[in-house]
Number of protein chains: 2
Amino acid sequence: MTAKIMTAQPLVEEIKKDLKFRCESLKSRGVVPSMVVILVGDNPASLTYIRNKRKMCEEVGATFDLLQLPSNVSEKEFQDHVIRLNEDKKVHGIIIQLPVSDHLKKLDLPNMVSHTKDIDGFHGINTQAIYTGKIQSNFFLPCTPKGIINLLNFYGVAVAGKHVVVLGRSLIVGKPLSMLLTNLNATVTLAHSKTENLTEITRTADILVSAIGKTHLVTKAHINPSKKTVVVDVGMNTFEGKTAGDVSPDVAGVAGFISPVPGGVGPMTVVSLIENLITATENQIKG
Amino acid sequence: MTAKIMTAQPLVEEIKKDLKFRCESLKSRGVVPSMVVILVGDNPASLTYIRNKRKMCEEVGATFDLLQLPSNVSEKEFQDHVIRLNEDKKVHGIIIQLPVSDHLKKLDLPNMVSHTKDIDGFHGINTQAIYTGKIQSNFFLPCTPKGIINLLNFYGVAVAGKHVVVLGRSLIVGKPLSMLLTNLNATVTLAHSKTENLTEITRTADILVSAIGKTHLVTKAHINPSKKTVVVDVGMNTFEGKTAGDVSPDVAGVAGFISPVPGGVGPMTVVSLIENLITATENQIKG
C-alpha cells in the first residue's frame, strides 16, 4: 500500500477562482480588498511567509501592503500603527506577523486588531466562537485549522466520530483545530512535547495531524497500518537545506492518506487567509 | 484490587476552613461576601443544586440570596435584573442558574454577568484565559473543572504527561476541563456521544473523567486493569430513586482510584464556587 497524496493544488485553484470572482465584484463596486501585514524586524522565515501571502493576494486581485517596523520600535509607536490601521476604511484585513520583538510580547496582540479586520482569526471574539461552537457569520476561522478541515473535506475524509490525534498545542494550530474538530463531532486527542506513550496513542488514530515543527518526528512506528490512517503534516522545517515536514517519508508506506510538504497545508493556509480577507471586505461594506 | 476512593470530604473541610477565615477578615473590614442566584422557573434539579450552594455559602459566613423569576419573565425584565445586580456594590458574585426558559436561551448569557462577578467562570474573558493558558489573578476557573483538578491534586494524582480521557464536551465541564488539563501538560482526549470505538480509547487512559450524565455508562470493559486508571465520576443521575454516577459499581474492581457519587465531584464543585465568591469579593475591595 502507498498512501494517497492530498495535494492542495486542485482545491487551491478552485478556491482562488471563487475569490477572484468575489474580488472583481467588489472592484466593480469601487472597493479593492486590501490587507496590511505588520512585520517587526526581519525574521527570514517571516519574510518567506509574507512573500507567499503577497503572491496569492495579488493573484486574486487584492492589494497587499507590508508595514515593516524596526525591531526596537516603541510599544507606543507600534500600538499607534495598529490603531490607525483599525480606523483606516481602505484597509480590510490586518495581520501582526509573529514573532514580534520580545518587548512587544507582553501586549495583548490577539485583541489589538479590530475583530472585523482580524483575518488571522486570533481575536478573543473569534476564539470564543470556536470554543463554544456558536459560530456567527461575521467570524474568522484561523487559517491553518480552516485549511486542514477544507483539505480533508476535499479528499472525502469524514471526521465525525473519528479519532483525531493532534500533535502540538499552539494557539495558531493545535488548540483551535482541536476545538473545531470537536465541534464537527470528531474525538480529538491533543498531544504535545510532554506526552508520555505517544506511540500507543497515535496508533489508535484514524487521523493524525502533526503540528510540532520537528523534522520527521512522525515515523511508521506511530501508525497502525490496519487503520489506513490519514496523516496531515503541518510541519515547515528546514532539513538539509530543503523544506521538510514533521512526517518521515517511511510513513507513506503505512498510511492511507498523507498531505505533502511542501504543497499541502502551507498553500491551504495562505488561501484561507485570502478568503478571510475577501469575506472581511464584504462584511465591512455590508456594514 | 479495589480502587481507592477519592472522597471530597477531607479536602472540602480544609478549603472551608480557609474560606471561613477569609470571610471573617472581610467582615472585620465591614464587607459581607454576598452572592445572588438568578433562577428562572422552578426546575427541581436546579432547586437541589441551589440548596447545596446556599448551605455551603452560609457555612463559611457569606450571604446567599435567591432571585426567583417566573418562567415567562420577559427578556427585558430579565436583563434589567442582571444589570442591576452587576451595578450593586453589595453583591459580589452572580449566577444565572441553568437551564433558563427557552425564550431566554438566545441571549448571550455567559457575557451578561460582569466578569468581575462571574463566579461560575463562564464569561468570555475567563474562557479566553483558559483557552490561551494565560491565566490572570482576577480570573475565575469554572467550578467543576477546578474542583476535579483540586481533588486529583489532593490525592496525589499527577496529570503532567498522562493521558486523560474526558467523556462529554459541555461548556460547563468537558471543554474547559480539557483545556485546563492541556495547560497542565496532560494529554487530553475529548470524547462524547458521537465517539466511535470508545472502549479502545478509554483503555489507553491513565485518568478517565466521565461527564456524560448517563447512569453506569462506564463499565469495567472501558478500563485496562494494568493501567490502574484513575476514574473521576461527574455524573449526577437519578437511578432507582437514588443519586447515581456515570460509573458502574463494577469499575471499582479494576480501577486504581475512583471518585464517589455522591460525595466526590459534587461537593468539590460547590466549594470551588464559594471560593470564587470570596476571591471575587476580595478583588472588588482591592479595586
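This report concerns the structure included in the present document. (Residues numbered from 1 in each chain as written. Chains lettered and ligands numbered in written order. Predicted model: local features only at pLDDT ≥ 70, side-chain atom pairs only at ≥ 80, totals over all residues.)

## Points about the interface of chain A and chain B
In this assembly, 26 residues from chain A lie in contact with 26 residues from chain B. Sorting the residues of the side of chain A that touches chain B by element identifies α4 (124-132), α6 (174-183), β6 (187-191) and α7 (198-202) of chain A as the ones contributing at least two each. Residue classes in the side of chain A that touches chain B are distributed as 7 nonpolar, 13 polar and 6 charged. (Contact = placed C-beta atoms within 7 Å. Helix = DSSP H or I, 4+ residues; strand = E, 2+ residues; numbered from the N terminus. Nonpolar A, V, L, I, M, F, W, Y, C, P; charged D, E, K, R; others polar.)

## As for the sheet that holds strand β8 (residues 230-233) of chain B
The strand order across the open sheet built from 12 strands is β1(A)-β11(A)-β8(A)-β7(A)-β5(A)-β6(A)-β6(B)-β5(B)-β7(B)-β8(B)-β11(B)-β1(B), with neighbouring strands paired in mixed fashion. A single partner strand is all that each edge strand has here, and the edge strands are β1 (4-5) of chain A together with β1 (4-5) of chain B. Sheet topology places strand β5 (residues 163-167) of chain B next to strand β7 (residues 207-210) of chain B; 4 bridges connect them, and they run parallel. Paired with Val166 of chain B across the two strands is Val209 of chain B, which belongs to β7 of chain B. Docked against the sheet, α6 of chain A engages β5 (163-167), β6 and β7 (207-210) of chain A together with β6 (187-191) of chain B, running at close to 165 degrees with respect to β6 of chain A. (Pairing = 2+ DSSP bridges. Axes fitted to C-alpha atoms, helices over the stretch in contact; angles between N-to-C directions.)

## Concerning the nonpolar core
Counting residues in hydrophobic clusters, the biggest one holds 158 residues, and the most contacted among them are Val209 and Ile274 of chain A together with Val209 and Ile274 of chain B. Those residues within four positions of Val209 of chain B in sequence are excluded, and the remaining contacts are Ile148, Val164, Val166, Leu167, Leu177, Val232 and Val234 of chain B. (Core = buried A, V, L, I, M, F, W, Y, C linked by C-beta atoms within 7 Å. Buried ≥ 20, exposed ≤ 12 C-beta atoms within 10 Å, placed from the backbone.)

## Overview of helix α2 (residues 44-60) of chain A
In a regular helix each residue adds 1.5 Å, so 17 residues correspond to 24 Å; α2 of chain A covers 25 Å between its end C-alpha atoms and thus fits that length. A positive phi of about 100 degrees marks Gly61 of chain A, the residue just after α2 of chain A. (Expected span 1.5 Å × (residues − 1).)

## Notes on the relation of the copies chain A and chain B
By a simple turn and slide, chain A fits onto chain B: the slide is 0.0 Å along the axis, the RMSD is 0.0 Å, and the turn is 180 degrees. Here the transformation between the copies is reduced to the relation of a two-fold axis. Taking the C-alpha atom as reference, chain A places Thr189 of chain A closest to the rotation axis, 1.9 Å from it. Most of the interface of chain A is mirrored in chain B, where 100% of its interface residues are also at the interface. (Least-squares fit on C-alpha atoms with pLDDT ≥ 70 in both.)

## Points about the sheet that holds strand β4 (residues 93-96) of chain B
Residues and elements named next belong to chain B. Pairing is parallel in the open sheet, where 3 strands are placed in the order β3-β2-β4. This sheet does not close on itself; its edge strands, each paired only once, are β3 (63-69) and β4. On average, each strand axis in the sheet is tilted by 15 degrees relative to the strand beside it, whichever way the strands run. As paired elements, strand β2 (residues 34-40) and β3 share 7 bridges and run parallel to each other. By the bridge assignment for β3, Ser34 is matched with Thr63.

## Digging into the environment of His115 of chain B
Residues and elements named next belong to chain B. Along the chain, His115 falls in the loop between β4 and α4 (124-132). Along the backbone, His115 and Asn86 are 29 residues apart, and their C-alpha atoms lie at a distance of 9.3 Å. Look past the residues within four positions of His115 in its chain and what remains in contact with it is His123, Ile125 and Asn126.

## As for the packing of helix α2 (residues 44-60) of chain B against helix α8 (residues 265-286) of chain B
Residue and element names in this part refer to chain B. Two elements in contact, α2 and α8, have axes whose closest approach is 10 Å; the angle formed by their N-to-C orientations is 50 degrees. The angle between α2 and α8 places the two elements in the oblique class. Considering only the axes of α2 and α8, their crossing is right-handed. Where α2 approaches α8, its residues Asn52, Lys53, Met56, Cys57 and Val60 are matched on the opposing element by Val270, Val271, Leu273 and Ile274. (Parallel < 35°, antiparallel > 145°, perpendicular 65-115°, else oblique. Left-handed = near helix turned anticlockwise from the far one by under 90°.)

## Section: the packing of helix α5 (residues 143-154) of chain A against helix α8 (residues 265-286) of chain A
All names here are of chain A. Remark: α5 packs on α8, axes separated minimally by 8 Å, with the N-to-C direction vectors making an angle of 110 degrees. Judged by the angle between their axes, α5 and α8 are roughly perpendicular. For the crossing formed where α5 meets α8, the hand is right-handed. Of the residues in α8, those touching α5 at Cys143, Thr144, Lys146, Gly147, Ile148, Asn150 and Leu151 are Val265, Met268, Thr269, Ser272, Leu273 and Asn276. Considered class by class, the residues forming the contact of α5 with α8 number 6 nonpolar, 6 polar and 1 charged.

## Structural notes on α8 of chain B
Residues and elements named next belong to chain B. In this model α8 runs 31 Å from its N-terminal to its C-terminal C-alpha over 22 residues, within 8% of the 32 Å that 1.5 Å per residue would give. Judged by how many residues are buried, α8 sits mostly within the fold: 17 of 22 residues are covered. Two residues or fewer past α8, Gly287 is found with a positive phi of approximately 75 degrees.

## A word on the pairing of β8 of chain B
All names here are of chain B. By the alternation rule, side chains of β8 split into Val230 and Val232 and Val231 and Asp233, which are all buried. Strand direction decides the pairing type here: β7 and β8, joined by 4 bridges, are parallel. Residue pairing in the sheet places Ile207 in a bridge with Val230 of β8. Where β8 meets strand β11 (residues 257-258), 2 bridges bridge the pair, whose relative direction is parallel. Note on β11: the bridge partner recorded for Val230 is Phe257.

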